[in-house]
Amino acid sequence: MEKERGILFVLSGPSGVGKGTVCKALRAQKLDIQYSVSATTRQPREGEQHGVEYFFKTKEEFLRMIENKELLEWAEYVGNYYGTPIEYVNQTLDEGKDVILEIEVQGALQVKNIFPEGVFIFLTPPSLAELRNRIVGRGTETEDIVNNRMTVAKEEIELMQHYHYSVVNDEIESACNRIKAIITTEHCRVDRVRPKYQRILGADE
Ligand SMILES: Nc1nc2c(ncn2[C@@H]2O[C@H](COP(=O)(O)OP(=O)(O)O)[C@@H](O)[C@H]2O)c(=O)[nH]1
Ligand SMILES: Nc1ncnc2c1ncn2[C@@H]1O[C@H](COP(=O)(O)OP(=O)(O)O)[C@@H](O)[C@H]1O
């Protein structure tokens, strides 16, 4: 019997809201979901491994991936390129497994055009003041860059309307629980389960 296709979940939101942190916490829970590994031209950080956190590429290699249509979406973010290899996503969904992408907002909106049946989750800060604290707290940005990130974040929060769900990242554990609840809910949607039951009803006993 033909397998149900998996569901594509996209977790996105402004820089510093905690996408990476929440995704790492979700991974630790060993859910039945696959995590896509992105390609990037940024330098690996200490401890990062090729093929685990990212596929680290030169700019030339990345541009070739774009040219060869190997990416589902891509975006330039703070001077580096980031993109989602399309083959892994399609293959994993075809195998009936769910996939989650943790990507920034420009990329998420590109995916929405290609995969409108995907589930788009916007991670929201509890407040703008807390978002600023988190960006400053990370200690990687100068004051000018923090101000710039805040301006971009406000524009990105306006784009929340294009998403299906908004999850507040107040506490990491609560945010993870909300995302797990969304995954469960999506699996119970009648438009997703009906084809399966129609097949069962139509099949000989
Ligand atoms: N569009 C897009 N964004 C990505 C992709 N992979 C990672 N990102 C985003 O790129 C941004 C920078 O990621 P990274 O360099 O790991 O630094 P971070 O700020 O510590 O998360 C984050 O907002 C990620 O969500 C991708 O494949 N496509
Ligand atoms: N729920 C939370 N409460 C407090 N701090 C958080 C929370 N989630 C993330 N952070 C902190 O906020 C900063 C930004 O998180 P990060 O995961 O790098 O964000 P993003 O991937 O969205 O850019 C990090 O220092 C992280 O430890």
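Source: prediction; values computed, not measured.

The next thing to look at is the nonpolar core. Soluble, globular proteins show a tendency: their nonpolar side chains are buried together. Judged by nonpolar contacts, the single largest core of 38 residues is most densely connected at L8, F9, V10, L11, L101, I121 and L123. Looking at which element gives the most residues to this core, the answer is strand β8 (residues 119–124), with five residues. Excluding its chain neighbours within four sequence positions, the residues that come into contact with L123 are L11, G13, V17, G18, K19, V22, V167, N169 and A175.

Here we take up the site of ligand 1. Residues in contact with ligand 1 amount to 15 residues; listed here are only the nearest, S38, A75, Y82, I103 and G107. Looking at the shell around ligand 1, its residues break down into four nonpolar, six polar and five charged.

Moving on, we come to the site of ligand 2. Looking at ligand 2, there are 13 residues lining it, with G18, K19, G20, T21 and R134 nearest. Mapped onto the shell around ligand 2, the elements with two or more residues apiece are α1 (19–28) and α5 (128–138). Broken down by class, the residue content of the shell around ligand 2 amounts to two nonpolar, seven polar and four charged.

An order of β4-β3-β6-β5 is seen for the four strands of this open sheet, with the pairing classed as mixed. Each of the sheet's edge strands pairs with one partner strand only, and the pair in question is β4 (54–56) and β5 (71–77). Averaged over all pairs of adjacent strands, the angle between strand axes in this sheet comes to 25°, irrespective of strand direction. With three bridges joining them, strand β3 (residues 38–40) and β4 adopt parallel strand pairing. Across the sheet, the residue bridging to S38 is Y54, located in β4.

Further remarks concern the UniProt feature "binding site: ATP" (unreviewed entry) in the chain. Under the present numbering, the feature "binding site: ATP" (unreviewed entry) in UniProt falls on G13, P14, S15, G16, V17, G18, K19 and G20. Along the chain, G13 falls in the loop between β1 (8–12) and α1. Exposure remark for G13: the 29 C-beta atoms within 10 Å place this residue in the buried category. Residues within four places of G13 in sequence aside, it is in contact with K19, F122, L123 and T124. Positionally, G18 belongs in the loop between β1 and α1. Residue G18 is classed as buried on the basis of its C-beta count, with 21 C-beta atoms lying within 10 Å. Every residue in contact with G18, bar those within four places of it in the chain, is listed here: L123, R134 and N169.

Cut-offs used in this document
- Residues numbered from 1 in each chain as written.
- Chains lettered and ligands numbered in written order.
- Predicted model: local features only at pLDDT ≥ 70, side-chain atom pairs only at ≥ 80, totals over all residues.
- Core = buried A, V, L, I, M, F, W, Y, C linked by C-beta atoms within 7 Å.
- Buried ≥ 20, exposed ≤ 12 C-beta atoms within 10 Å, placed from the backbone.
- Helix = DSSP H or I, 4+ residues; strand = E, 2+ residues; numbered from the N terminus.
- Contact = placed C-beta atoms within 7 Å.
- Near = placed C-beta within 6 Å.
- Nonpolar A, V, L, I, M, F, W, Y, C, P; charged D, E, K, R; others polar.
- Pairing = 2+ DSSP bridges.
- Axes fitted to C-alpha atoms, helices over the stretch in contact; angles between N-to-C directions.
- UniProt positions renumbered as here; feature names shortened; annotations may be inferred.

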